[in-house]
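Spelled out from the first residue to the last, the chains are:
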Amino acid sequence: MDPRVLEAMLPYFTQKFGNAASRNHPFGWVAEEAVDYAREQVAKIIGATEKEIIFTSGATESNNLALKGVFEMYQQKGNHIITLVTEHKCVLDSAHHIEKMGGKVTFLNVKADGLVDLQELENAMTDKTILVSIMYANNEIGVIQPVKEIAAIAHKHGALFHTDATQAVGKIPVDVIADGIDLLSFTGHKLYGPKGCGALYVRRKNPRVKVTAQIDGGGHERGMRSGTLNVPGIVGFGKACEVAMQDMAEDAKRLSALRDKLEKAVTEMEETYVNGNTEHRLPHVANISFKYVEGEGLMMAMKDLAVSSGSACTSASLEPSYVLKSLGLNDDLAHSSIRFGLGRFTTEEEIDYAIEVTKKAVTHLRELSPLWEMFKEGIDLDSIEWAEH
Amino acid sequence: MSYSDKVIDHYSHPRNVGTLDKSKNSVGTGLVGAPECGDVMRLQIEVDENHMITDAKFKTFGCGSAIASSSLATEWLKGKSIDEALKIDNMDIVEELSLPPVKIHCSVLAEDAIKSAINDYRVKNGMEPIALEKSHH
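Quick caveat: nothing in here was measured; it's all calculated off a predicted structure.

What counts, and where the lines are drawn
- Residues numbered from 1 in each chain as written.
- Chains lettered and ligands numbered in written order.
- Predicted model: local features only at pLDDT ≥ 70, side-chain atom pairs only at ≥ 80, totals over all residues.
- Heavy atoms only, no water.
- Helix = DSSP H or I, 4+ residues; strand = E, 2+ residues; numbered from the N terminus.
- Patch = residues over 30% accessible without salt bridge, like charges linked within 9 Å, V, L, I, M, F, W, Y side chains within 5 Å.
- Areas by Shrake-Rupley, 256 points an atom, 1.4 Å probe, with all protein chains shown as cover.
- Salt bridge = Lys/Arg side-chain N within 4 Å of Asp/Glu carboxyl O.
- Lys, Arg positive; Asp, Glu negative; His and termini not counted.
- Charge placed at Lys NZ, Arg CZ, Asp CG, Glu CD.
- Buried < 20%, exposed > 50% of the residue type's maximum accessible area, 1.4 Å probe, protein only.
- Pairing = 2+ DSSP bridges.
- Axes fitted to C-alpha atoms, helices over the stretch in contact; angles between N-to-C directions.
- Contact = heavy atoms within 4.5 Å.
- UniProt positions renumbered as here; feature names shortened; annotations may be inferred.
- Buried area = accessible area lost by both parts, 1.4 Å probe.
- Polar contact = N/O pair within 3.5 Å; in protein donor to acceptor, adjacent residues only side chain to side chain.
- Domains from an automatic or database assignment.
- Nonpolar A, V, L, I, M, F, W, Y, C, P; charged D, E, K, R; others polar.
- Phe/Tyr/Trp six-rings, centres within 6.5 Å; stacked < 30°, edge-to-face > 60°.
- Lys NZ or Arg CZ within 6 Å of the ring centre and 35° of its normal.

The subject of this paragraph is unusual backbone geometry. For the bond running from Asn-206 of chain A to Pro-207 of chain A, omega is 0 degrees, close enough to zero to count as cis. Relative to the assigned elements, Pro-207 of chain A resides in the loop between strand E7 (198-202) and helix H8 (231-266).

This is the structure in structure tokens:
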């Protein structure tokens, strides 16, 4: 978390501890004012107005509310929803839930670079389509979808457009008006704010969008999300948005330069590949496959780096990343992938260190790898009959 | 996930990494696992005329626990007869390396690699292969 955010939050745990819904005493007024101010800050970063912001517990709740809330609200109009196979689990699982409720969901595949095929989207639209939900940028590979074009296709067929912009807001400019977004999910902790506080943007004009509440109760958040507001969290989320708006351009420039430096250095090693589209990509993400090295084994050598692996050796299914598989990567390349995430506080020294550690670890593990030895001997790994496992 | 000190030690300083000449009759090779599952182990033993294992080498594509399991297996194999080696149980590896439940399959793979290498040696030298139990899978 950004220290500027923590500083803004602290008074709301100690002196200013009122309930924002308590309108009949000053403690409540102070809290309400703080929430109103934060709502403006949060709205501003996506080009919305404060009445279009519903505070939630995070992007998972926002995505649940967007998909299920739209499905319930608009079921007279239609029952069809379109989304992508590379969406975050909370979108995919909300979509599966909707299927159980009698909805129809199309899960579009992506192209080999991770981008949606707009023609396929167009072909999937029907007169029953009420919602297109496609993420702004992907969490594993950082690929940025053509949201403006997606919105245009959705609107042409009378459907709403929701985007999970968790990875994008605060990293790249997002504007709900210019992009034609009707609903947008995002969260505080992805932009150096606190965990446990997110928002759903719900458009109020052209058209006025409504969602059916998924949490019933005291009618907070204009009836769309009941529950006492997390005042310190919301204050922190607001501050984080304000800081991000100031720092975004500078951060993006600096981080993409560092990311490119890292990527260039490690891909000098043979049999090393960057996953996903590199032109339409978040500035701070690199997803790289180091062939013949298993990702989790590699991560063990990088334990002091901010990395994660597309391999899932710990899961019961042993299935590697579904995002990488949907790019058409073979399972073995998906098992060999590492996601590097840079942040506001990443320094050039850390990147130099990351390059050194990565190269050393990959070299060490390739010396240990029977697959690398076979590759070096010119043996086609596909020609080997691998044992059932 | 946190790894035990022994796993970290084998991962950082793997024992007996390498390749034996698989064309030799005295060498048994076991290659188990599959790249798409994220684990491949190759374990080799060199056996003398008294059926004693004089050398063992491994190479593994996999997570730290898989590397440690196979590295440990090579240590345990050296100096054992091929019949004694068959008695190495995957749960011994689990215990020695303090593997968590999600990593037990790494030890199973190491046991499979040992048995597969012994069978390769046995068949090469005119002996019946041992029936491998697949009950772990």
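On we go.
Residue and element names in this part refer to chain A. On the surface, Glu-33, Asp-36, Glu-40 and Glu-50 cluster together into a negatively charged patch. Inspection of the secondary structure puts Glu-50 in the loop between helix H2 (26-45) and strand E1 (53-56). Relative accessible area serves as the criterion here: at 35%, Glu-50 is assigned to the partly exposed category.

Another aspect to go through is the sheet that holds strand E3 (residues 104-108) of chain A. Residues and elements named next belong to chain A. Spatial strand order, E1-E7-E6-E5-E4-E2-E3: 7 strands in an open sheet with mixed pairing. Each of the sheet's edge strands pairs with one partner strand only, and the pair in question is E1 and E3. Each strand of the sheet is rotated relative to its neighbour by a mean of 20 degrees, with strand direction disregarded. Of the pairings in the sheet, the one linking strand E4 (residues 129-133) to strand E5 (residues 160-164) comprises 3 bridges and is parallel in character. Residue Leu-131 lies in a different strand from E5, and its bridge partner there is Leu-160. Sitting on the sheet, helix H3 (residues 59-73) touches E1, strand E2 (80-84), E4, E5, strand E6 (183-187) and E7, and the angle it makes with E6 is about 160 degrees. Those strands touched by H8 are E1, E6 and E7, and its axis lies near 100 degrees from that of E6.

Our focus in this paragraph is the UniProt feature "binding site: pyridoxal 5'-phosphate" (unreviewed entry) in chain A. Residues and elements named next belong to chain A. Look at the UniProt record and you will see "binding site: pyridoxal 5'-phosphate" (unreviewed entry) annotated at Ala-59, Thr-60, Asn-139, Gln-167, Thr-187, Gly-188, His-189 and Thr-228. Their sequence span is 170 residues, while the largest C-alpha to C-alpha distance among them is 29.7 Å; these annotated residues do not converge on one region. Of note, Asn-139 is situated in the loop between E4 and helix H6 (147-156). Excluding anything up to four places from it in sequence, Asn-139 contacts His-88, Gln-167 and Arg-339. Among the structural elements, Gly-188 can be located in the loop between E6 and E7. Those residues in contact with Gly-188, other than ones at most four positions away along the chain, are Gly-193, Pro-194, Cys-197, Gly-198 and Phe-237.

Facing the 32 residues of chain B at the interface are 28 residues of chain A. Both faces combined, the contact of chain B with chain A buries some 2700 Å², and carbon together with sulfur accounts for 68% of it. Summed over the shared surface of chain B and chain A, the result is 3 salt bridges. Put simply, Glu-373 of chain A and Arg-42 of chain B hold a salt bridge, and the shortest N to O gap is 2.8 Å. At the surface where chain B touches chain A, the tally comes to 13 residue pairs in polar contact (both at pLDDT 80 or more).

Moving on, we come to the pattern of salt bridges. Scanning the entire structure with this criterion turns up 26 salt bridges over all chains. Overlapping salt bridges bring together Asp-2, Arg-4, Asp-247, Asp-251 and Arg-344 of chain A as one network.

Next up on the list: the UniProt feature "domain: NIF system FeS cluster assembly NifU N-terminal" (unreviewed entry) in chain B. In the numbering used here, UniProt assigns the "domain: NIF system FeS cluster assembly NifU N-terminal" (unreviewed entry) feature to residues 3-126 of chain B. Secondary structure content for residues 3-126 of chain B is 44% helix and 21% strand, and the end C-alpha separation is 42 Å.

Our focus in this paragraph is the domain arrangement of chain A. It is common to report an interface's size as the accessible area lost on association of the parts. Residue and element names in this part refer to chain A. One can read the domain layout of chain A as domain 1 (3-244) and domain 2 (249-383). Averaged C-alpha coordinates put domain 1 and domain 2 at centres separated by 30 Å. With 29 residues of domain 1 in contact, the opposing surface of domain 2 contributes 21 residues. Taking both sides of the interface into account, the surface hidden between domain 1 and domain 2 amounts to around 2000 Å²; carbon and sulfur atoms contribute 58%. The largest per-residue losses of area from domain 1 upon contact with domain 2 belong to Glu-140, Ile-141 and Tyr-192, which jointly make up 34% of the total buried on that side. The tally of links between domain 1 and domain 2 comes to 0 salt bridges. Across the contact surface, domain 1 and domain 2 share 9 residue pairs in polar contact (both at pLDDT 80 or more). Mapped onto the side of domain 1 that touches domain 2, the elements with two or more residues apiece are helix H1 (3-9), helix H4 (89-100) and H8. Looking at the side of domain 1 that touches domain 2 residue by residue, the class counts come to 15 nonpolar, 7 polar and 7 charged.

On to the packing of aromatic side chains. Residues and elements named next belong to chain A. Inspection of every chain in the model, using the stated rule, returns 6 aromatic pairs over all chains. Seen in terms of ring centroids, Trp-372 and Phe-375 are 5.4 Å apart; in terms of plane orientation they differ by 40 degrees. Their pairing is tilted. A residue pair is termed a helical-turn pair when its members lie 3 or 4 positions apart in one helix, as Trp-372 and Phe-375 do in helix H13 (residues 370-376) at 3 residues. Judged by relative accessible area, Trp-372 falls into the buried class, the value being 14%. Taking relative accessible area as the criterion, Phe-375 reaches 25% and is therefore assigned partly exposed. Among the aromatic residues, those joined into a cluster by ring pairs are Phe-55, Phe-186 and Phe-237. Over the aromatic face of Tyr-322 sits the side chain of Lys-89, whose NZ or CZ is 4.5 Å from the ring centroid.

All names here are of chain B. Reading across the sheet, the 3 strands line up as E1-E2-E3 and stay open at both edges, with antiparallel pairing between neighbours. Two strands close off the open sheet at either side, each with one partner strand: strand E1 (27-34) and strand E3 (53-61). Sheet twist, expressed as the average angle between the axes of neighbouring strands with direction ignored, equals 10 degrees. Note that E1 and strand E2 (residues 39-47) share 8 bridges and pair antiparallel. Looking across to E2, one finds that Val-27 is bridged to Glu-46. Sheet strands in contact with helix H5 (residues 104-124) are E1 and E2, and its direction is about 145 degrees off that of E1.

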